[in-house]
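Survey of secondary and tertiary structure
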Amino acid sequence: MLTAGHAVVSSVAEQGNVISSVATGEAIGSLFCWTNIDGNPTADAALIWVDPAKVAARIRGLTAPTLVNTRPAEGDVVRIMPAQVGGVPRQAKIRAIDQAVDLMVGGPGWPEAPTITYQGQIFTDDLISDAGDSGALVLDWQGQAVGMVVAGSLETGTVITPITAIFANPAWGGMRMALLKDIPSAPLLPVLAPSDSMVGGAADGVADREGTIAAVNGMAMAGALGAQAQDAKNALTDVVFEPASPEEFIRLLTPSAIATMRNFGVPASFTIAQGALESGWGKSKLATNGRNLFGVKADVSWTGDKITMYTREFANGAPVMVEAVWRKYPGLQACLDDHAKFFRDNPRYSGCFQFKDGEGFTNAVAGAGYATDPNYAKKLIATIRARNLGQLDKAF
């Protein structure tokens, strides 16, 4: 189980180091990976394996996040659960986004705390954080995770690092937030190599059995709703993508499909239905080995990883098996975003984006000549209706 924490750890810290309660000295988890905070960072956070037995019930007042908000806007209402015992959720409105702020960073091994410029931060109109709230999870009014408290003052309001910055650090291997139904009893993820300089860490925290890790003394909660432990392994790391059923395929793709929809305008229902059709509900070797759900080849413009596999082509009217080079994606989000960029950047499909629902978008794509199969749109729409995927488009 992972949580994003905000504190300072020594430059000699190693993955697996025990994280202990400042108050009692009791072990509450272990260090997984962390970000470098030298220079001008956008985030200083660490990922922590958390002991589920250390989760307390009092943080239920904030509730578990439902989704991740990657596009917070000025005027949005946000809220946190303060660290002090007996605290109740506090809320304010976002006053400004994409702000730079100078913060003094101190901790063990830093007798003279340096001032570091944090980029891309969010400011609120009122100060809703206090001492001990650094690292607290910030939710919007719809229960979506917006980011993590970094600091605060009367001048800036509460300073929030966006969730996109927290999970964007390359040392974390493209991980993203997953929503779990139950807190697993052991870490789910394989070992990754962390960065090797002074970085953000975590100090103390509590959580509850409903599936949340709380924002207390430097811990930000990672929410839990609607997936199983194996789903979390796949969704967080995408090291393995082997959905056992169409239901699991939909469950694994939904967070990424919604994020892609909000960022690029391609309805989530269309993305999932087309991915299901092109990959056989994630069963194709290209999907399981390369997270390539749409059969996209690696042309000369592709600079990412590649995977070589055989495919059937036709020569003189006869089918033959030939080697082909395909795009290999680091995770599902990268695959879905690349898929959406194809439609966004191709003038042929510009008219499709007037449709915010999957069925309308599907018909428009087919009308623009996407596929030679005359029944292509009917197949996608049948999947959208049969699996009730249209409800996902409401999160646009």
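Quick notes on the rules
Residues numbered from 1 in each chain as written. Predicted model: local features only at pLDDT ≥ 70, side-chain atom pairs only at ≥ 80, totals over all residues. Heavy atoms only, no water. Pairing = 2+ DSSP bridges. Helix = DSSP H or I, 4+ residues; strand = E, 2+ residues; numbered from the N terminus. pLDDT = per-residue confidence, 0-100. Contact = heavy atoms within 4.5 Å. Axes fitted to C-alpha atoms, helices over the stretch in contact; angles between N-to-C directions. Bend = angle between axes of the 7 residues up to and from the residue. Buried < 20%, exposed > 50% of the residue type's maximum accessible area, 1.4 Å probe, protein only. Polar contact = N/O pair within 3.5 Å; in protein donor to acceptor, adjacent residues only side chain to side chain. Core = buried A, V, L, I, M, F, W, Y, C linked by side-chain atoms within 4.5 Å. Phe/Tyr/Trp six-rings, centres within 6.5 Å; stacked < 30°, edge-to-face > 60°. Lys NZ or Arg CZ within 6 Å of the ring centre and 35° of its normal.

Turning our attention to the pairing of strand 6 (residues 77–80). Across 4 bridges, the pairing between strand 6 and strand 7 (residues 90–104) is antiparallel. If you follow Val78 over to strand 7, its bridge partner there is Ala92. Note: strand 6 against strand 9 (residues 137–140), 2 bridges, orientation antiparallel. Among the inter-strand pairings, Arg79 is bridged to a residue of strand 9, identified as Leu139.

Model confidence for the chain is summarised by a mean pLDDT of 75, while 70% of its residues fall at 70 or above. Model confidence for the chain, summarised as mean pLDDT per element, is weakest for strand 14 (residues 212–213) at 24 and strongest for helix 7 (residues 358–367) at 96. Per-residue pLDDT stays below 50 along residues 188–239; that stretch engages in 241 contacts with residues further than four places along the chain or on separate chains.

Further remarks concern the sheet that holds strand 11 (residues 157–162). Strand order in the closed barrel made by the 6 strands is 6-7-8-11-10-9, with antiparallel pairing throughout. Shown here is a sheet whose adjacent strand axes are inclined to one another by a mean of 50 degrees, direction ignored.

Turning our attention to helix 3 (residues 246–264). The sharpest bend along helix 3 measures roughly 45 degrees and falls at Thr254, with the proline Pro255 sitting one to four residues further on. The element helix 3 is largely enclosed, with a buried count of 14 among its 19 residues. Just downstream of helix 3 lies Gly265, where phi reads positive at about 90 degrees.

Right, let's get into the environment of Arg348. Along the polypeptide, Arg348 turns up in the loop between helix 6 (332–345) and helix 7. In the structure, Arg348 is positioned 21 residues away from Gly369 in sequence and 8.5 Å away in space, judged by C-alpha atoms. Contact partners of Arg348, with chain neighbours within four places excluded, come to Ala368 and Gly369. Reaching out from Arg348, the side chain makes a polar contact with the backbone oxygen of Gly369 at a distance of 3.4 Å.

Moving on, we come to the nonpolar core. Among the nonpolar cores identified, the biggest contains 37 residues, and Phe241, Leu253, Ile272 and Leu293 are the most heavily contacted of them. Among the elements of the structure, helix 3, helix 4 (268–279), helix 6, helix 7 and helix 8 (376–386) are those that each provide at least two residues to this core. Aside from chain neighbours lying at most four places away, what touches Leu293 is Phe241, Phe249, Leu253, Gly275, Glu278, Ser279, Ala287, Leu332, Cys335 and Leu336. In this structure, Val78, Ile94, Val146 and Val149 belong to the second largest nonpolar core, which totals 11 residues.

Applying the stated rule across the entire model yields 13 aromatic pairs. An angle of 45 degrees between the planes, with centres 5.7 Å apart, marks the rings of Phe342 and Tyr349 as tilted. In this structure Phe342 comes out as partly exposed when scored by relative accessible area, which is 41%. By relative accessible area, Tyr349 is classed as buried at 2%. Seen from their ring centres, Phe343 and Tyr349 are 5.2 Å apart, and the 75 degrees between their planes marks the pair as edge-to-face. The two residues Phe343 and Tyr349 agree in class, both being buried. One aromatic cluster is present, built from ring pairs that chain together Phe270, Phe342, Phe343, Tyr349, Phe353, Phe361, Tyr370 and Tyr376. Sitting over the ring of Trp326, Lys297 keeps its end group 5.5 Å from the ring centre. It is Arg387 that lies over the ring of Trp281; its NZ or CZ is 5.2 Å from the centre.

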